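# Report on the structure
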Amino acid sequence: MNNKFVDCDFSGAGLYKYPVAGCSFKGCNCSLVKFYRWNLLKRNSRNVNLSDYNEAQEMIIKRKLIILVFLISAILAAWPSIASGEVTLPLDKEGEVDASATFVMHNEALVAKFVEVIAARSKDDEALLPFVQSLNKVSLTITAQGQTAPSPQNERIKKWLNETLTELDDRSELDAATLRAASGFSFSSVFINSEIDQTLAENLLSLELASWYEPSGDQALWVGAFLIAPSTEYLLHTHDAHEVYFVVSGHLELQHGVDGNYFTVGPDQYSITPPHRPHALRTGDVPVLILYVWEGIADPENWWWERHDDNSWWRTPWRWENDGTWQKIGPPEQVTDEVMKAAHG
């Protein structure tokens, strides 16, 4: 034993407040205690044995290296799952995978990745900045899982969705997030009304991923997905909402303005529709999967435009109801010069 420490009773003197478990300190000569003793003696201006200090320092460094090696080993062991995007799925009380919680978790990850992509693209396209600013200032609520009863229509939806998913590349982070979330997707018709063309009603499908509502209830923001069947045409219409379509799979043809030409938006491309801008869309031989951001009034109105034989334009107002249906809320009205100018401003 080192005689310099014979008179040091660390267990009873109260000089050291955090003793190592199982160590009485009194008469102890281990490297760790030597290190603590050295510090205490230094503070009390007593003689110090530097060889004890060096030995303790080496021991501390070795322990830190062991911990570092352990952490690196743990990260390397988990890296395949991290790199592939695999995650631990939430379980219910019976130890089974909680489908509802998993759905929300995957939706949240998809929304986060989509918002990240939009933010990155906004650096080169200032037209995306309003969406980025809105998404950053609100707290989105992830939509709970929808339940859909089996039906022949659902089999068609599943077929269309699977066709779009086969085109995705899991090396793309957005595609990978979409693939993970897709197993919980439950699409439904955008338009539910017997007066609406039933082909359009069956072929234009939507899914809400997340939403935000202004406390006053006037404004809202939705993030979601559209699944559009092949050979679908949605004619010219307007709404007050500002929206962006981001094509994940397939090719979407869009028309902006009553006399605009159709243009094509393909995978990993997007299109922005300003408020009140007349626009139409159609698909080709394959289904299309789109992610969207839609910002506007909470109870949206949708004006459907139609050109008459005398070359005049008329529009019919529809409104979305809380039960998911669309109701015609007024007769067709002729589009005035003022409305037309505002629609193309």
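Residues numbered from 1 in each chain as written. Predicted model: local features only at pLDDT ≥ 70, side-chain atom pairs only at ≥ 80, totals over all residues. Heavy atoms only, no water.

## Quick look at the overall build of the protein
Scanning the protein from N- to C-terminus turns up eight helices and 15 strands. The 345 residues of the protein split such that 41% are buried. (Helix = DSSP H or I, 4+ residues; strand = E, 2+ residues; numbered from the N terminus. Buried < 20%, exposed > 50% of the residue type's maximum accessible area, 1.4 Å probe, protein only.)

## Side note on the pairing of strand E10 (residues 279-283)
Within a regular strand, the side chains alternate between the two sheet faces. For E10, the buried fraction is high: four of the five residues fall into the buried class. The sheet contact formed by strand E7 (residues 252-256) and E10 spans five bridges and is antiparallel. Counted as the bridge partner of Leu254 is Leu281 from E10. (Pairing = 2+ DSSP bridges.)

## Overview of the pairing of strand E6 (residues 242-249)
The element E6 is largely enclosed, with a buried count of eight among its eight residues. Alignment of E6 against strand E9 (residues 270-273), held across four bridges, turns out to be antiparallel. Opposite Tyr245, over in E9, you have Ser271 as the bridge partner.

## Here's the deal with the pattern of salt bridges
A full pass over the atoms with the stated rule returns 11 salt bridges. Of the charged contacts in the structure, one is a salt bridge between Lys113 and Glu173, with a shortest N-O distance of 2.4 Å. Of the two residues, Lys113 is situated in helix H3 (residues 99-121) and Glu173 in helix H6 (residues 173-182); the sequence distance between them amounts to 60 residues. Note on Lys113: relative accessible area 14%, which makes it buried. Classification of Glu173 as exposed rests on a relative accessible area of 51%. (Salt bridge = Lys/Arg side-chain N within 4 Å of Asp/Glu carboxyl O.)

## Focus: the confidence of the model for the protein
Overall, the predicted model of the protein reaches an average pLDDT of 79, with 71% of residues at or above 70. When mean pLDDT is taken per element in the protein, strand E8 (residues 263-265) scores highest with 98 and helix H1 (residues 31-43) scores lowest with 50. Confidence over residues 1-29 falls short of pLDDT 50; this stretch has 40 contacts with residues more than four positions distant or in other chains. Overall, residues 84-93 carries pLDDT values under 50, and its contacts beyond four positions in sequence, including any with other chains, amount to 21 contacts. (pLDDT = per-residue confidence, 0-100. Contact = heavy atoms within 4.5 Å.)

## Some details on the nonpolar core
When a protein is soluble and globular, its nonpolar side chains tend to lie buried together. Phe185, Phe187, Leu291 and Val293 are the most contacted members of the largest nonpolar core, which totals 39 residues. Looking at this core, the elements that each hand over two or more residues are H3, helix H4 (129-137), helix H5 (152-165), H6, strand E3 (204-213), strand E4 (219-228), E6 and strand E11 (288-297). Examining the composition of this core, we find that six residues originate from one element, H3, more than from any other. Discounting chain neighbours no more than four positions away, the residues touching Phe187 are Ile157, Leu161, Leu205, Ser206, Leu207, Ala225, Phe226, Leu227 and Leu289. (Core = buried A, V, L, I, M, F, W, Y, C linked by side-chain atoms within 4.5 Å.)

## Here's the deal with H4
For H4, the set of buried residues is Phe131, Val132, Ser134 and Leu135. All buried residues of H4 fall inside an arc of 165° around its axis, so they share one side. Away from its buried face, by an angle of more than 90 degrees, H4 presents the exposed residues Gln133, Asn136 and Lys137. (Arc of directions from axis to C-beta.)

## Examining the packing of aromatic side chains
Tallied over the full model, the rule gives 12 aromatic pairs. Here Phe185 and Phe187 contribute two aromatic rings whose centre-to-centre distance is 5.7 Å and whose plane-to-plane angle is 85°, an arrangement assigned as edge-to-face. Judged by its relative accessible area of 11%, Phe185 falls in the buried class. Residue Phe187 is classed as buried on the basis of its relative accessible area, which comes to 5%. Ring plane angle 85° and centroid distance 5.9 Å describe the contact between Phe226 and Tyr245, whose orientation is recorded as edge-to-face. With Phe226 in strand E4 and Tyr245 in strand E6, this pair connects stretches of sequence that are 19 residues apart. (Phe/Tyr/Trp six-rings, centres within 6.5 Å; stacked < 30°, edge-to-face > 60°.)

## A short note on a nonpolar patch on the surface
A cluster of nonpolar side chains, Ile61, Leu65, Leu68 and Ile72, forms an exposed patch at the surface whose accessible area comes to about 370 Å². Mapped onto the elements of the fold, Ile72 is located in helix H2 (residues 50-84). (Patch = residues over 30% accessible without salt bridge, like charges linked within 9 Å, V, L, I, M, F, W, Y side chains within 5 Å. Areas by Shrake-Rupley, 256 points an atom, 1.4 Å probe, with all protein chains shown as cover.)

## Thoughts on the side chain of Asp175
Positionally, Asp175 belongs in helix H6. In this structure, Asp175 is buried with no salt-bridge partner, the nearest side chain bearing the opposite charge being Arg171 at 8.7 Å. Reaching out from Asp175, the side chain makes a polar contact with the backbone nitrogen of Asp169 at a distance of 3.0 Å. If near-sequence neighbours (up to four positions away) are discounted, Asp175 is found in contact with Leu168, Asp169 and Val248. (Lys, Arg positive; Asp, Glu negative; His and termini not counted. Polar contact = N/O pair within 3.5 Å; in protein donor to acceptor, adjacent residues only side chain to side chain.)

## Looking at unusual backbone geometry
With phi around 55°, Ser231 is a residue other than glycine that occupies positive phi space. Note on placement: Ser231 falls in the loop between E4 and strand E5 (233-238). At His276, a position not held by glycine, the phi torsion is positive, near 65°. Summarising the element assignment, His276 is placed in the loop between E9 and E10.

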